[in-house]
Amino acid sequence: MLHLDKKIIILITSIMILSVSIILGIKSMTSNDGQKKDLIDSIKNIKYYKEANQSRYIKYQKENLNLNNDLVVLYVNIGIDKDFYTDIKPSLRPGTKEILVNKFYVLQSDYIPNDLEEIDDEYQVGGKMLVSEAAASFNQMAKKAQQENLHIRAVSAYRSYDYQDNLYHRYVNRDGQTKADTYSARPGHSEHQTGLAVDVDNVTQTFDNFGNTEEALWMRANAYKYGFILRYTKENEFITGYQEEPWHYRYVGVQIASKMREENISSYEEYYFKYLDN
Ligand SMILES: [Zn+2]
């Protein structure tokens, strides 16, 4: 008799444990579904929400509970929920000063900007070229700096696909691909191929010391007036995938550069996917 009782007790206990588990399971499933629905409802009204990215928003939000919904949508649209150099697409708005080239958007090997023009001799070394509008603006900027006794000189500007290919592979051979990827673009992924990016020095220091110069301070305060933005900063490293480059400026035009400054937008990716993505 006692033996049977024991069996019954074990059976009842097992059933109870099982029931509780099932109830808890269902509860957590429905509350998950509820959370998902709440998130979708609250992000659907965000201006740059995309139906096609819905499941990525949900996943990214779960992994980044500290982010507000606006940023979840923006970052997923930029693509940083994916690994760099995956899901690569053709560059956006090619042939314009709004072009987007980064680790997710690539230029063809035969992409050469239309109207390349040499920067004025006194503000560059070795015949460096930019797209004419950017070159003219760079000349004005360097001239203005010169009037304040500061020296801004282009040491690298337009670079062809083949040039970047060589450069990148030299770095890979020296430091390995993982390290090289933090400071050098893979061929087709360099902004220099757009003819809108320029690396500068102040003539007396090498470009990699530019960040410590008075000229760097001046550029940070004034470059936007000439349509240039500081492209790779500590703040936006998680978006661009590059370590900071105080010497690398990108021409986007005065309008965009001013708006980015006004709104304190740290990366061109954020600007692009807020205002230019259709
Ligand atoms: Zn550069």
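We now turn to the structure provided with this report. (Residues numbered from 1 in each chain as written. Predicted model: local features only at pLDDT ≥ 70, side-chain atom pairs only at ≥ 80, totals over all residues. Heavy atoms only, no water.)

**Observations regarding the overall build of the protein chain**
Item 1. Scanning the protein chain for helices and strands turns up ten helices and eight strands.
Item 2. Taking 2.2 N^0.38 as the reference for a compact globule, 278 residues should give roughly 19 Å; the C-alpha atoms of the protein chain span a radius of gyration of 26 Å, well beyond that estimate.
Item 3. A principal-axis box enclosing the C-alpha atoms of the protein chain has dimensions of 105 × 45 × 35 Å.
Item 4. When each of the 278 residues of the protein chain is scored for burial, the buried share is 45%.
Item 5. Looking at the protein chain alone, contacts between residues at least 24 apart form 60% of all its contacts between residues at least 6 apart. (Helix = DSSP H or I, 4+ residues; strand = E, 2+ residues; numbered from the N terminus. Rg over C-alpha atoms; globule rule 2.2 N^0.38 Å. Buried < 20%, exposed > 50% of the residue type's maximum accessible area, 1.4 Å probe, protein only. Contact = heavy atoms within 4.5 Å.)

**Some points on the coordination of the zinc ion**
Item 1. In the first shell of the zinc ion, the protein supplies His192 (NE2), Asp199 (OD), Asp199 (OD) and His248 (ND1), at 2.1 to 2.8 Å from the metal.
Item 2. Taken together, the four donor atoms surrounding the zinc ion define angles of 51 to 153° at the centre, an arrangement classified as irregular.
Item 3. The sequence pattern describing where the donors of the zinc ion fall on their chain is H-x6-D-x48-H. On the criterion of sequence distance, the pair formed by His192 in the loop between α6 (177-183) and β6 (197-201) and His248 in strand β8 (residues 248-251) is long-range, its members being 56 residues apart. Like His192, the residue His248 is buried in the burial classification. (Donors = N, O, S within 2.8 Å, 3.2 Å for Na, K, Ca; no water. Tetrahedral: all angles 85-135°; square planar, octahedral: opposite > 155°, others 65-115°.)

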